[in-house]
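Residue-level listing of the chains:
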Amino acid sequence: MGVAQPEGRVIHFTGQVAWDKTEKIVGFGDVEEQTRQCFRNIAAVLNSFGGQLSDIVSITTYFTDRSQLSAIQKVRLEFLDEEAAPVSTSVMVAGLGHEDFLVELTPIAVIPNERFIAPTN
């Protein structure tokens, strides 16, 4: 029901959605593929700071259709260790930032100081 924040640098994310580097939607109509793309985007941001997915301490999942929640949770287990999972909240919403988005993930991560890479810009 809770997690203690470890020492390190806290990374707050904006909502991560299923688009690629050119902002083209990945997985049109496929919540599993959209969720995978969200996690790939999160991993890329974390990597730029010296982090990894296991550094996530909290994640909020926004989704548009209750029937897709089990598919979202299934994909989550592909990326996050069930034994050391972050605290999480799932929120069903009427819509997201684009009509074709089915899921949006907003994590918070804590990267240990010894791995943290300061942004260059």
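As shown above, the structure is provided for reference.
The structure presented is a predicted model; accordingly, all values stated were derived computationally and were not measured.

*Asks:* I'd love a proper account of the overall build of the chain, names of residues and values included.
*Replies:* Secondary structure summary: the chain contains two helices and four strands in total. On C-alpha atoms alone, the chain measures out to a radius of gyration of 14 Å, which is about the 14 Å that the 2.2 N^0.38 rule sets for 121 residues. Over its C-alpha atoms, taken along the principal directions, the chain stretches across nearly 40 × 35 × 20 Å. By the burial criterion, 40% of the 121 residues in the chain qualify as buried. Long-range pairs, those at least 24 residues apart, make up 79% of the contacts in the chain between residues at least 6 apart in sequence. Total accessible area on the chain is roughly 7,200 Å²; 50% of this is exposed by carbon and sulfur atoms. When the 9 positive and 16 negative side-chain charges of the chain are each reduced to one mean point, those points stand 2 Å apart.

*Asks:* So what about the sheet that holds strand β2 (residues 56–63)? Which residues, and what values?
*Replies:* The strand order across the open sheet formed by four strands is β1-β4-β2-β3, and the pairing between neighbours is mixed. In the strand order of this sheet, the two ends are held by β1 (9–12) and β3 (87–92), each with one partner. When strand polarity is set aside, the average angle formed by the axes of neighbouring strands in this sheet is 10°. Where β1 lies against strand β4 (residues 103–111), four bridges are found, and the strand directions are antiparallel. Looking across to β4, one finds that His12 is bridged to Ile108. Running over the sheet, helix α1 (residues 31–48) touches β2 and β4 and is turned about 25° from β4.

*Asks:* Explain the packing of aromatic side chains to me, using residue names and the numbers behind them.
*Replies:* Under the criterion given, the structure shown has three aromatic pairs. A ring pair is formed by Phe39 and Phe79, whose centres lie 5.0 Å apart and whose planes are at 10°; its orientation type is stacked. In this pair, Phe39 is assigned in helix α1 and Phe79 in helix α2 (residues 69–79), connecting sequence segments 40 residues apart. For Phe39, a relative accessible area of 2% translates into the label buried. Positioned above the aromatic ring of Phe116, the side-chain terminus of Arg9 is 4.4 Å from the ring centre.

*Asks:* Break down α2 for me, with residues and values.
*Replies:* For α2, the full list of buried residues reads Leu69, Ala71, Ile72, Val75 and Arg76. The buried side chains of α2 occupy one side of the element, clustering within an arc of 160° when seen end-on. On the buried face of α2, the contacting elements are α1, β2, β3 and β4.

*Asks:* Would you mind going over the pairing of β2 in detail, with residue names and values included?
*Replies:* Of all eight residues in β2, six are buried; the element is thus mostly enclosed. As judged from the seven bridges shared by β2 and β4, these two strands associate in the antiparallel manner. Each bridged residue has a counterpart across the sheet, and for Thr61 the counterpart in β4 is Leu105. Where β2 lies against β3, six bridges are found, and the strand directions are parallel. If you follow Tyr62 over to β3, its bridge partner there is Val91. Note on the crossover from β2 through α2 to β3: the handedness is right-handed.

Reading guide: rules and limits
- Residues numbered from 1 in each chain as written.
- Predicted model: local features only at pLDDT ≥ 70, side-chain atom pairs only at ≥ 80, totals over all residues.
- Heavy atoms only, no water.
- Helix = DSSP H or I, 4+ residues; strand = E, 2+ residues; numbered from the N terminus.
- Rg over C-alpha atoms; globule rule 2.2 N^0.38 Å.
- Buried < 20%, exposed > 50% of the residue type's maximum accessible area, 1.4 Å probe, protein only.
- Contact = heavy atoms within 4.5 Å.
- Areas by Shrake-Rupley, 256 points an atom, 1.4 Å probe, with all protein chains shown as cover.
- Lys, Arg positive; Asp, Glu negative; His and termini not counted.
- Charge placed at Lys NZ, Arg CZ, Asp CG, Glu CD.
- Pairing = 2+ DSSP bridges.
- Axes fitted to C-alpha atoms, helices over the stretch in contact; angles between N-to-C directions.
- Phe/Tyr/Trp six-rings, centres within 6.5 Å; stacked < 30°, edge-to-face > 60°.
- Lys NZ or Arg CZ within 6 Å of the ring centre and 35° of its normal.
- Arc of directions from axis to C-beta.
- Right-handed = clockwise from strand over helix to strand, strands pointing away.

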